[in-house]
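Architecture and fold: a report
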Amino acid sequence: MLHRVETPLSSLLRRRLPGYSLEAPFYTSQEIFDADMEAIFERHWIFVGVEPDVPEPGDTMTIDIGRNSVLIVRDDDNAVKAFHNVCRHRGARLVLEPKATVGNIVCRYHAWTYNTDGQLIHADHMGESFDPGCHGLKPVHLRSLEGLLFICLADEPPADFEDMAATMAPYLAPHDLRNCKVAYESDLIERGNWKLTMENNRECYHCAGNHPELTVPLFAYGFGFSPEQLDEQDREQAARYSCLVDDSSLEWEKEGIPSREIDHLDDRATGFRTQRLPLDGAGEAHTMDTKAACRKLLGKFTHARHGALSFWTQPNSWHHFMSDHVVTFAAIPLGPDRTLLRTKWLVHKDAVEGVDYDLENLTGVWTATNQQDGDLVAYCQQGATSPAYQIGPYSPYTEFLVEKFCNWYIGRMAAETGLVQP
Amino acid sequence: MLHRVETPLSSLLRRRLPGYSLEAPFYTSQEIFDADMEAIFERHWIFVGVEPDVPEPGDTMTIDIGRNSVLIVRDDDNAVKAFHNVCRHRGARLVLEPKATVGNIVCRYHAWTYNTDGQLIHADHMGESFDPGCHGLKPVHLRSLEGLLFICLADEPPADFEDMAATMAPYLAPHDLRNCKVAYESDLIERGNWKLTMENNRECYHCAGNHPELTVPLFAYGFGFSPEQLDEQDREQAARYSCLVDDSSLEWEKEGIPSREIDHLDDRATGFRTQRLPLDGAGEAHTMDTKAACRKLLGKFTHARHGALSFWTQPNSWHHFMSDHVVTFAAIPLGPDRTLLRTKWLVHKDAVEGVDYDLENLTGVWTATNQQDGDLVAYCQQGATSPAYQIGPYSPYTEFLVEKFCNWYIGRMAAETGLVQP
Amino acid sequence: MLHRVETPLSSLLRRRLPGYSLEAPFYTSQEIFDADMEAIFERHWIFVGVEPDVPEPGDTMTIDIGRNSVLIVRDDDNAVKAFHNVCRHRGARLVLEPKATVGNIVCRYHAWTYNTDGQLIHADHMGESFDPGCHGLKPVHLRSLEGLLFICLADEPPADFEDMAATMAPYLAPHDLRNCKVAYESDLIERGNWKLTMENNRECYHCAGNHPELTVPLFAYGFGFSPEQLDEQDREQAARYSCLVDDSSLEWEKEGIPSREIDHLDDRATGFRTQRLPLDGAGEAHTMDTKAACRKLLGKFTHARHGALSFWTQPNSWHHFMSDHVVTFAAIPLGPDRTLLRTKWLVHKDAVEGVDYDLENLTGVWTATNQQDGDLVAYCQQGATSPAYQIGPYSPYTEFLVEKFCNWYIGRMAAETGLVQP
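As recorded in an unreviewed UniProt entry, chain A goes by Rieske 2Fe-2S family protein and comes from Faunimonas pinastri. Check the Cofactor (unreviewed entry) section of the UniProt entry for chain A; it says "Fe cation".

In structure tokens form, the structure reads like this:
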């Protein structure tokens with residue numbers, strides 16, 4: 001390319017303009033995508049699934065994070081573990097199925113056999129000098145936060161996961177995710193960079209114009225607004241909403257259900273944010289009639305009006321915990337312009353489809369919303385490929401969490417590439 | 001790759017051998033493709049469509065030139081304008097449809113709203129310090145040459161467009177393209193480099209063996225021949241054809257229809273060539289029976305025997321103007337080995353399909369011819385990928401316009417890359 | 001990519017650990033794939049097909065080796081020749097069909113015409129100074145080893161082909177391949193690097209667990225085993241197999257059928273190996289009932305119990321010659337992670353389908369086996385893309401021929417890249 005000089009990543013990181021969207025190469029460049037995978041997805045805690053994905057000993061789940069295939073298995077002592085899904089002999093992929101149940105882990109190629117702890121317990125014809133003890137499966141760090149499974153591919157994962165876990169456990173525990181089952185799971189491939197998927201998730205400025213289903217249970221004032229644009233009547237409604245949030249929190253706290261906002265999105269390696277907010281209408285769940293989707297409630301809940309607890313984590317997940325069901329979301333980058341969005345709907349493990357819940361009612365709002373968001377992400381990706389793309393300003397009132405996502409991302413990349421001391 | 005050194009573009013440009021096809025990297029290399037897009041397609045006048053594509057105020061057309069998406073819109077004052085199709089907020093693609101009609105241009109993402117002059121007229125929640133005046137759509141240069149639309153993505157387009165326009169207006173005006181309608185439009189993706197598409201268009205040496213439909217209205221001697229190969233009878237026929245060309249020109253000029261050849265294919269930035277030539281048989285149009293395809297003639301034509309006016313422009317178009325219809329062709333590069341050929345057939349705006357013209361008859365010759373040419377382009381692309389490919393000699397009698405295309409291309413690349421003073 | 005430094009090919013070659021699988025970039029890197037194509041596939045003898053592919057004068061076959069399209073043609077003197085399939089005029093691909101019959105070779109574009117010796121015999125409009133003698137097709141080296149066709153794209157092919165030919169001719173001649181016909185041909189695209197395809201072919205450690213059809217005619221002890229793993233009964237069976245191999249060889253040699261192992265897999269440029277081994281059961285062929293698939297035997301064979309002669313060549317072929325039919329295999333790299341496996345089943349040219357042989361019976365074992373192997377290759381390719389992939393140890397008893405393939409490959413790459421003197 002004639003006289004153009006590619007801007008190196010370090011310059012792009014240094015010159016990032018706060019309050020504005022990222023420069024185009026962050027969305028389009030293969031080199032920066034590779035750097036993202038290495039610095040973000042191979043060195044931070046990544047949300048990959050839930051304990052109910054592997055409910056019984058011997059149950060496995062595989063998930064690809066970039067070039068890594070990770071095998072998650074519940075071992076015979078009921079502990080969930082993770083390994084690299086690569087045979088130590090000729091390197092064959094071991095478990096092919098997204099979910100399976102195994103006794104041992106046997107490679108199809110030459111029948112090398114590993115137990116669920118990853119130890120090599122059988123290999124033919126290797127001779128007497130061969131040491132099986134040196135050829136076990138390579139482990140991957142795994143944590144379960146009240147049933148939410150996070151892995152880290154680094155040798156030394158960020159230590160602050162334990163802080164997040166300690167903070168979040170009381171918020172999540174009432175929903176008793178470990179005693180849920182996955183009622184439905186969907187994979188949507190969005191035609192955009194993973195950061196566009198995340199940015200889209202971190203604001204609701206776009207909701208009114210794009211999400212007719214999702215906005216049914218949401219309050220219009222719940223996601224920020226420009227005070228200058230309000231007239232007298234708007235201001236009254238906004239004030240009423242503010243009171244409702246406070247009143248609901250007080251009420252829930254009396255029941256022992258934490259709900260106050262905690263925001264560490266951009267001040268630590270394992271960034272996160274949480275808040276329980278009231279819902280409009282019946283106030284029970286993300287459904288078209290805002291009523292609970294499942295008759296059997298979660299955990300020890302005795303009534304369904306607990307709004308929705310949202311839990312956002314950097315770099316790749318968000319979750320909505322309601323009294324009757326949970327929806328989890330994992331964004332998994334596939335390429336500079338492709339991202340897998342994996343969504344799981346969980347209900348009480350004893351709930352019966354057709355009796356306690358209707359699948360279409362349970363999944364309808366987020367199935368529609370995901371599709372709408374996927375389209376928006378694609379439009380932004382198309383725009384970012386244009387030489388005419390220019391960074392644009394974020395709304396200070398409605399896009400402050402997008403800004404925090406970008407802050408976190410830029411900060412982590414700078415730290416991991418040695419631009420700043422971590 | 002072992003010991004091979006990639007030849008840099010500057011060396012390839014410098015050592016080009018006149019009279020021979022280009023070296024293989026000009027057809028196969030991603031780097032040279034990128035340079036082509038930057039030096040040729042982002043800095044020269046590119047034919048993109050016709051005014052009848054956007055006949056009414058608010059009508060839009062989008063076209064992608066490499067990584068650029070360009071939005072063409074007829075504004076409320078009936079002027080045709082072009083903008084980059086990118087929202088100034090988060091960079092979303094604004095208009096998705098190839099053709100649409102809008103009041104204002106509204107971004108789907110957060111409803112930022114631009115008028116048809118590109119000004120931002122509405123954006124919610126941006127706060128008091130936000131200046132909409134700094135966030136209008138970015139303009140793209142656009143010219144209409146008697147209804148043919150050319151854009152230039154450079155800040156300072158080549159100035160010699162105005163010379164071409166002044167020269168060509170008298171040739172094109174009689175056909176009154178602005179009062180035509182697009183009767184049919186086809187997109188063909190040719191599996192070859194855009195320069196192979198153009199080279200194929202610039203000679204008819206291949207016509208006899210490949211275009212049974214197109215050669216019906218063409219004279220065998222109209223596109224060059226080797227005089228040594230002619231026998232006595234051939235020579236007589238060639239002489240007769242030469243007289244016919246002269247006689248036709250004189251006759252047309254009496255009617256005020258310019259027809260003499262003008263050739264500036266390789267001596268300026270905005271290269272072009274034109275000539276009106278007689279047609280064989282009924283001599284009216286590029287149809288299988290060589291008769292006019294549309295009963296309603298264009299402009300002020302009162303009879304149909306005006307042959308075909310051809311208008312070729314560098315780098316990417318050719319056009320055939322007949323008394324009853326016009327066919328326009330735009331070659332749009334998609335990749336080193338993929339080119340979009342967009343063809344439009346235009347008739348008088350008041351002509352009625354099924355009454356004044358039959359669509360199959362109107363489009364038959366060029367639909368077949370395009371497909372045949374696309375195949376030939378693909379064979380050349382396949383050949384150019386072989387390490388055994390070697391530049392071959394052009395026929396001095398039948399491929400001199402291919403040579404001029406190459407001269408123009410090499411010259412422009414050399415000028416734009418600073419090898420020679422422009 | 002942050003701090004990672006790509007290891008250059010020369011370092012990877014130098015540090016190869018004997019007895020272990022290759023490092024991941026040998027299977028995944030585009031750069032090493034390009035180097036493979038240049039150093040291995042453009043400079044060594046490559047098996048491409050058989051004389052019965054072009055049985056009559058004027059018969060042609062095309063085959064793509066990387067970016068090269070090669071045209072194989074039987075000329076009017078019954079000699080098989082090879083040319084680059086590229087017109088010397090504008091570079092068009094000449095013959096498109098995988099197999100065809102021609103009088104002359106005529107380019108579709110401008111009708112340049114070559115005879116089957118590659119000479120340009122006709123080109124219109126080129127003028128008097130044009131010399132057709134300088135514009136003939138570019139030749140490619142070709143050898144027929146008893147009907148097996150090998151080409152070499154280098155200017156100076158490895159000279160040791162003649163040694164291999166002299167050694168192998170007596171082994172192959174009894175099967176009289178030139179008087180066979182291709183009864184069936186299949187193309188399978190394996191989703192893996194070509195070296196994984198070859199490595200898979202060079203061991204039968206994986207056979208017991210993956211090839212239920214192929215193992216019917218094979219002896220369990222025929223492909224190596226770890227002596228420490230044998231109990232008394234195993235040892236007896238292994239000894240009996242060893243005697244059978246010796247006895248069979250003696251018997252076949254009395255008939256003038258050479259059968260002793262010859263192994264030059266890793267000590268020369270044109271590496272090869274051969275051995276005739278007895279088959280289990282009826283001992284006649286690679287079929288499900290181990291009986292001959294074709295009633296009409298090959299050459300001068302009067303009975304079918306001659307086991308199977310295997311002939312392996314570096315870098316890309318293996319062949320099984322039986323008394324009644326021959327199966328040939330060519331691995332053609334398509335990309336770092338894609339390989340074409342082309343398999344041909346040959347029977348006597350006078351054998352009649354449905355009378356002398358049943359196509360499903362003839363092709364069943366290897367059709368199933370190829371598919372199984374293709375899957376295994378894909379699993380290894382998937383594994384090699386993981387950053388967790390680590391070279392693993394080869395079994396000294398069952399994977400020694402894989403080791404030899406790797407030795408040959410590393411040695412040839414080192415020689416061709418100048419790391420060691422060839």
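Here the focus is the environment of Phe26(C). All names here are of chain C. With respect to the helices, strands and loops of the structure, Phe 26 is situated in helix α2 (residues 25-28). Expressed as a C-alpha distance, the spacing of Phe 26 and Leu 196, which sit 170 residues apart in the sequence, is 9.8 Å. For Phe 26, the residues in contact, after removing those within four places along its chain, are Leu 9, Leu 12, Leu 13, Ile 32, Asn 193, Lys 195, Tyr 409 and Ile 410.

With omega at 5°, the peptide bond leading from Gln314(A) into Pro315(A) counts as cis. Residue position: Pro315(A) is located in the loop between β14 (308-313) and β15 (317-321). Here Asn78(B), not a glycine, exhibits a phi torsion of approximately 75°, which is positive. Among the secondary structure elements, Asn78(B) is positioned in the loop between β3 (68-74) and β4 (80-84). Its identity is not glycine, yet His125(C) carries a phi of approximately 60°, on the positive side. The topology assignment puts His125(C) in the loop between β8 (120-122) and β9 (139-145).

Bringing helix α4 (residues 161-172) of chain C into the picture now. Residue and element names in this part refer to chain C. Among all positions of α4, only Phe 161, Met 164, Ala 165, Met 168, Tyr 171 and Leu 172 are buried. Viewed end-on, α4 has its buried residues packed into an arc of 120°, placing them on one side of the element. Those residues of α4 that are buried lie in contact with β9, β10 (148-152), β12 (262-264), β13 (272-277), β14 (308-313) and β15 (317-321).

Attention now moves to the state of the cysteines. Across all of its chains, the model carries 3 disulfides over all chains by this definition. Between the sulfur atoms of Cys204(B) and its disulfide partner Cys207(B) the distance amounts to 1.9 Å. Disulfide Cys204(B) to Cys207(B): torsion about the S-S bond roughly -95°, handedness left-handed. Here Cys204(B) matches Cys207(B) in class, with each residue buried. There is no disulfide at Cys87(C), and the cysteine sulfur nearest it, in Cys107(C), is 3.9 Å away. Residue classification places Cys87(C) among the buried positions, given a relative accessible area of 2%.

On to the interface of chain A and chain C, then. Each side of the interface is counted separately: chain A has 34 residues, and chain C has 37 residues. Carbon and sulfur atoms make up 54% of the area that chain A and chain C hide from each other, which totals about 3,100 Å². Sorting the residues of chain A by area buried against chain C places Arg90(A), Tyr109(A) and His125(A) first, and these three jointly supply 26% of that buried surface. Viewed at the interface, chain C and chain A are joined by 2 salt bridges.

Another aspect to go through is the side chain of Arg93(B). Assignment of secondary structure puts Arg93(B) in the loop between β4 and β5 (99-101). Ignoring sequence-local partners within four residues, the contact set of Arg93(B) consists of Tyr379(A), Gln382(A), Gly383(A), Asp64(B), Ser69(B) and Asn85(B).

Residues and elements named next belong to chain B. For the coordinates displayed, the defined rule picks out 92 salt bridges over all chains. Measuring nitrogen to oxygen at the nearest pair gives 2.8 Å for the salt bridge that ties Arg 342 to Asp 187. A residue pair is termed long-range when its members are at least 10 positions apart, and Arg 342 in strand β17 (residues 338-348) and Asp 187 in strand β11 (residues 180-190) qualify at 155 residues. For Arg 342, a relative accessible area of 15% gives the class buried. A salt bridge links Lys 404 to Asp 263, with the nearest nitrogen and oxygen atoms 2.9 Å apart.

Below, the discussion takes up the interface of chain A and chain B. Across the boundary between the two partners, chain A contributes 37 residues, which contact 33 residues of chain B. The contact between chain A and chain B buries some 3,100 Å² in all, and 54% of this surface belongs to carbon and sulfur atoms. In this structure, Glu203(A) engages Arg90(B) in a salt bridge whose closest nitrogen and oxygen atoms are separated by 3.2 Å. Looking at the side of chain A that touches chain B, the elements that each hand over two or more residues are α5 (194-201) and α8 (359-384) of chain A. Residue contributions to the side of chain A that touches chain B peak at 6 residues, all from α8(A). Here the side of chain A that touches chain B is composed, by residue class, of 16 nonpolar, 16 polar and 5 charged.

Procedures and definitions
- Throughout, residues of each chain are indexed from 1 in the direction in which the sequence is written.
- A letter from A marks each chain and a number from 1 marks each ligand, given out in the order of writing.
- Local features in a predicted model are, by the rule used here, given only for residues with pLDDT of at least 70; side-chain atom pairs are given and counted only at 80 or more, and totals for whole chains, interfaces and linings are based on all residues.
- Hydrogens and water are ignored here; the side-chain numbers use all heavy atoms of the structure.
- UniProt positions are given in the numbering used here, feature names are shortened, and annotations may be inferred rather than shown by experiment.
- Helix and strand definitions follow DSSP, with helices as H or I runs of at least four residues and strands as E runs of at least two, each counted in order from the N terminus.
- Residue contacts follow a heavy-atom distance rule, with two residues in contact if any of their heavy atoms lie within 4.5 Å.
- Residue exposure (1.4 Å probe, protein chains only): buried if accessible area is under 20% of the type maximum, exposed if over 50%, otherwise partly exposed.
- This arc corresponds to the set of directions leading from the helix axis out to the C-beta atoms.
- Any two cysteine sulfur atoms within 2.5 Å of one another count as a disulfide.
- Accessible area that two parts lose when put together, with a 1.4 Å probe and added across both, is what the buried area reports.
- We define a salt bridge as a side-chain nitrogen of Lys or Arg found within 4 Å of a carboxyl oxygen belonging to Asp or Glu.
- Only Asp, Glu, Lys and Arg are considered charged in this grouping, and only Ala, Val, Leu, Ile, Met, Phe, Trp, Tyr, Cys and Pro are considered nonpolar; every other residue, Gly among them, is considered polar.

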